There are 2 protein chains.
Amino acid sequence: MRVIETIAELKSIVKEEKAAGKSIGFVPTMGYLHEGHLTLANAARKENELVVMSIFVNPTQFGPNEDFDSYPRDLERDTRLAESVGVDFIFAPSVKEMYPSNGGIKIVAGRQSEILCGASRPGHFDGVLQVVAKLFHLVEPDRAYFGQKDAQQVALIQTLVRDFNFPLEVRTVPIVREEDGLAKSSRNVYLSEQERANAPAIFEALLLAKEEFLSKGDVKGAVEIASAHILSKTDGNIDYLEIYSYPDLQAVTEETEHFLLAAAVYIGKTRLIDNIIFSLKGETANV
Amino acid sequence: MRVIETIAELKSIVKEEKAAGKSIGFVPTMGYLHEGHLTLANAARKENELVVMSIFVNPTQFGPNEDFDSYPRDLERDTRLAESVGVDFIFAPSVKEMYPSNGGIKIVAGRQSEILCGASRPGHFDGVLQVVAKLFHLVEPDRAYFGQKDAQQVALIQTLVRDFNFPLEVRTVPIVREEDGLAKSSRNVYLSEQERANAPAIFEALLLAKEEFLSKGDVKGAVEIASAHILSKTDGNIDYLEIYSYPDLQAVTEETEHFLLAAAVYIGKTRLIDNIIFSLKGETANV
């Protein structure tokens, strides 16, 4: 495995491998890899001849009061983990390498970004789409892998790829959880012992809300039950806990077939997100 | 030569030709081809194994009071002309084929779009960048060809390709002129005989302004001389006549080395644009 830090080197490798007819699977990450990322890499490994992972903490998707500077980074550890699951190339550019110039052209995420995580993180998804578009153009993958954990992000990237005709497939991989149900996240390391013990309440709440919603069909009642569970089991503040149609992220109607039930909760100072996607029959949807 | 109307067919051809290792030159147009377009196709023909031309009058770059409906179209004639200069494939999709869905994600052109043609055509360059990004993803060219006639458009597309790392080269081809200096344009067919006789005053004015600017270094004086020439020789209304640095389209300073002198003039109801790009030494810049 090789770690690449410059765009010039990456492009020369991509050109060579594509000329040799190799399919490319791409796993974009912000590093500090956990099992969730490795699951994405495994999926990419199975379906492609070459696997490229990017490790780049993208400043344009962090707000001024967010954790860009303190976001955990450990390239050495990440390199070992990526190698262990068969990644061929890590692309780990500097901020200057990725953003040497700015002519003022922006990708603006629009209405799908105004709810859920987008509502409390203005500009976040503009930054996500910007870096994803750049990385897609640099890596030229056949398939790109994203975790369902960031369900709103996946919906937006699917929309970007569809509406702008990017020549690649978006693959969504289910959430990987700890044994007690907590969704894996780089940010879990911020939790105190007590906070970590309470955090599974988020997923428990989502399961309660799903059951309530499927039996009674009432969005408001389902959200209330889930919120009450989180507030009784943690000292957390609920940022949002909502149900939308999936993947178009519109209000639920009688016609909606697939649902996204998503939550963001501050456990102490750490903001955790989780979601479940399900159909009217109660099955987890294949997204 | 083949005319392709669906994205599916285009993608299958692009995939096949790229797998065979062929280089692709791409000439995006709105059709009603004139010598300017054919010059672009000739340039593409010289540098690539395969030449794809798109013919698509893009609705998203026209304002509500602009000439989308009356924009001239003649696919049969275009097909003959394109074939005569060795184009391999024409991609001529319907509006529905290009825009079947809209999730609300936009490319916003930013500060370079707020001057010149952009100032009087709000949203125009957003639409241009949208369709160009889509076409780049569909055709996957090695090189894309644009006429210098639309100098602001070229500057914006160069910025898009640079800042979003599109894997292709933008080639700029000089303006093709009639014998009396009028820049070739699909819109010249709108001119009455008298208007056509007066229209070369636009290019004459640009040459006068360039001389004045190079000898006295005074932007305002140069613009005044050129404006006076146009107003004395035509019944036209000047939309703009301005000088900027090129290709960054900022105000001229002591450090500016390359200049864009650009005009848009209504001759009767027909809006014509023209420009010259030059260096301090008076040479036409190689853009």
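Note that this is a predicted model, so its numbers are computed, not measured.

S.K.: When you look at the environment of A:Arg177 in this model, what are you seeing that I'm missing?
M.R.: All names here are of chain A. With respect to the helices and strands, the residue arginine 177 is situated in the loop between β7 (169-173) and α8 (193-198). Along the primary structure arginine 177 and alanine 263 are separated by 86 residues, whereas in three dimensions their C-alpha atoms are 15 Å apart. If we ignore the near neighbours within four places in the chain, the residues touching arginine 177 are Leu182, Ala183, Lys184, Phe203, Asp274, Asn275 and Ile276. At 3.0 Å, the side chain of arginine 177 and the backbone oxygen of glycine 181 are in polar contact. Polar side-chain contacts of arginine 177 include one of 2.9 Å to the side chain of aspartate 274.

S.K.: Please clarify how the nonpolar core should be interpreted in this entry.
M.R.: Nonpolar side chains in soluble globular proteins generally cluster together in the buried interior. Ranked by size, the top nonpolar core spans 104 residues in total, and within it A:Phe136, A:Ile157, B:Phe136 and B:Ile157 carry the most contacts. Setting aside chain neighbours within four positions, we find A:Phe136 in contact with A:Phe26, A:Pro141, A:Ala144, A:Phe146, A:Ile157, A:Val161, A:Phe166 and A:Leu168.

S.K.: Is there a simple way to explain the layout of surface pockets in this structure?
M.R.: The gaps left among the atoms become clear once a water-sized probe is rolled over them. Size it by volume and the largest pocket reaches roughly 1,400 Å³. What lines the largest pocket is a set of 38 residues, among which A:Lys18, A:Glu140, B:Val14, B:Lys18 and B:Glu140 lie closest to the centre. Elements supplying a minimum of two residues to the lining of the largest pocket: α1 (7-19) and α6 (124-139) of chain A together with α1 (7-19) and α6 (124-139) of chain B. When the residues that make up the lining of the largest pocket are grouped by side-chain class, the tally is 16 nonpolar, seven polar and 15 charged. Size it by volume and the second largest pocket reaches roughly 320 Å³. Forming the boundary of the second largest pocket are 15 residues, of which A:Asn65, A:Glu66, A:Asp67, A:Tyr266 and A:Arg271 lie nearest the centre.

S.K.: Just checking my understanding: could you explain the interface of chain B and chain A for this structure?
M.R.: Often the size quoted for an interface is simply the accessible area lost on bringing the parts together. Taken residue by residue, the interface counts 30 residues in chain B and 30 residues in chain A. Interface area for chain B against chain A, summed over the two sides, is near 2,700 Å², with a carbon-plus-sulfur share of 55%. If you sort the residues of chain B by the area they bury against chain A, B:Ile105, B:His137 and B:Phe164 come out on top, with a joint share of 30%. At the boundary of chain B with chain A, the tally comes to zero salt bridges. Here chain B is connected to chain A by 17 residue pairs in polar contact (both at pLDDT 80 or more). Of all the secondary structure elements, the ones that give two or more residues to the side of chain B that touches chain A are α1, β5 (106-108), α6 and α7 (151-163) of chain B. Considering each element in turn, the side of chain B that touches chain A owes the most residues, six residues, to α6(B). The residue inventory of the side of chain B that touches chain A, partitioned by class, reads 13 nonpolar, 10 polar and seven charged. Where strand β5 (residues 106-108) of chain A lies against β5(B), three bridges are found, and the strand directions are antiparallel.

S.K.: Honestly, the packing of aromatic side chains in this entry has me stumped. Any pointers?
M.R.: Both the distance between ring centres and the angle between the ring planes are used here to describe each pair of aromatic rings. Within the structure shown, the criterion is met by 18 aromatic pairs over all chains. Both rings, one in A:Phe62 and one in A:Phe68, keep their centres 5.4 Å apart while their planes meet at 65 degrees; by these two values the pair is edge-to-face. Taking the relative accessible area as the measure of exposure, A:Phe62 reaches 11% and is therefore buried. Using a relative accessible area of 22% as the deciding quantity, one classes A:Phe68 as partly exposed. Taking 6.1 Å as the distance between ring centres and 70 degrees as the angle between the ring planes, the aromatic pair formed by B:Phe213 and B:Phe278 counts as edge-to-face. Here B:Phe213, found in helix α9 (residues 201-216), pairs with B:Phe278, found in strand β10 (residues 270-279); they are 65 residues apart in sequence, far enough to count as distant. Accessibility expressed as a relative area gives 0% for B:Phe278, which makes it buried. Members of the aromatic cluster, connected to one another through ring pairs, are A:Phe26, A:Phe136, A:Phe146 and A:Phe166. The ring of A:Tyr32 has A:Arg77 sitting right over it, with the charged end atom 5.1 Å from the ring centre. Sitting above the plane of the A:Phe203 ring, A:Arg177 keeps its charged end 3.5 Å from the centroid.

S.K.: Whenever I open this one, the sheet that holds strand β8 (residues 237-245) of chain B confuses me. Can you help?
M.R.: Within a sheet, neighbouring strands are paired by backbone hydrogen bonds and run either parallel or antiparallel to one another. Residues and elements named next belong to chain B. One open sheet holds the three strands; their spatial order is β8-β9-β10, and the pairing between them is antiparallel. Only two strands of the sheet have a single partner each, and these edge strands are β8 and β10. If you compare each strand with its neighbour and ignore which way they point, the axes differ by 10 degrees on average. Relative to strand β9 (residues 258-267), β8 is paired through eight bridges, and the arrangement is antiparallel. Residue pairing in the sheet places leucine 241 in a bridge with alanine 263 of β9. The sheet contacts of α9 involve β8, β9 and β10, and relative to β10 the element is tilted by about 30 degrees. This element, helix α10 (residues 219-233), spans β8 and β9 of the sheet and lies at about 150 degrees to β8.

Conventions used here
Sequence order as written defines the numbering, with residues in each chain counted from 1. Think of it this way: whatever chain is written first is A, whatever ligand is written first is 1, and the rest follow in order. Totals for whole chains, interfaces and linings use all residues, but because this is a predicted model, local features are given only for residues with pLDDT of at least 70 and pairs of side-chain atoms are given and counted only at 80 or more. Side-chain figures throughout are based on the complete set of non-hydrogen atoms in the structure, without hydrogens or water. Under the scheme used here, helices are H or I runs from DSSP no shorter than 4 residues and strands are E runs no shorter than 2 residues, and both carry numbers assigned from the N terminus. Only heavy atoms enter the contact rule, under which two residues are in contact if any of them lie within 4.5 Å. Any pair of nitrogen or oxygen atoms within 3.5 Å is treated as a polar contact; in protein, a donor-acceptor pairing is required on top of that, and neighbouring residues in sequence qualify only through side-chain atoms on both sides. Think of a nonpolar core as a cluster: buried Ala, Val, Leu, Ile, Met, Phe, Trp, Tyr and Cys residues, connected wherever their side-chain atoms sit within 4.5 Å. Buried, partly exposed and exposed residues are distinguished by accessible area as a fraction of the type maximum, computed with a 1.4 Å probe on protein chains only: under 20%, between the cut-offs, and over 50%, respectively. Points on a 1 Å grid, built from protein atoms alone, make a cavity when a 1.4 Å probe fits but cannot get out and make a pocket when they are open with protein on both sides within 12 Å along at least 5 of 7 lines; residues with an atom within 4 Å of a point are the lining residues. Grid points are joined across faces, edges and corners, and a volume is the space filled by probe spheres set on the points. Amino acids outside the nonpolar list (Ala, Val, Leu, Ile, Met, Phe, Trp, Tyr, Cys, Pro) and the charged list (Asp, Glu, Lys, Arg) are all regarded as polar, and Gly is one of them. Summed over both partners, the accessible area (1.4 Å probe) lost when two parts come together is defined as the buried area. The term salt bridge refers to a side-chain nitrogen of Lys or Arg lying within 4 Å of a carboxyl oxygen of Asp or Glu. Paired strands are those between which DSSP finds at least two bridges. Two aromatic rings, drawn from Phe, Tyr or Trp (for Trp, its six-membered ring), form a pair once their centres lie within 6.5 Å of each other, and the interplanar angle then sorts them: stacked below 30 degrees, edge-to-face above 60, tilted otherwise. By definition here, charges over rings are those cases where NZ of Lys or CZ of Arg is within 6 Å of the ring centre and within 35 degrees of the ring normal. Whenever a helix is involved, its axis is fitted only over the stretch in contact; in every case the axis is a line through C-alpha atoms, and angles between N-to-C directions fall within 0 to 180 degrees.

Read these as geometric descriptors, not functional statements.
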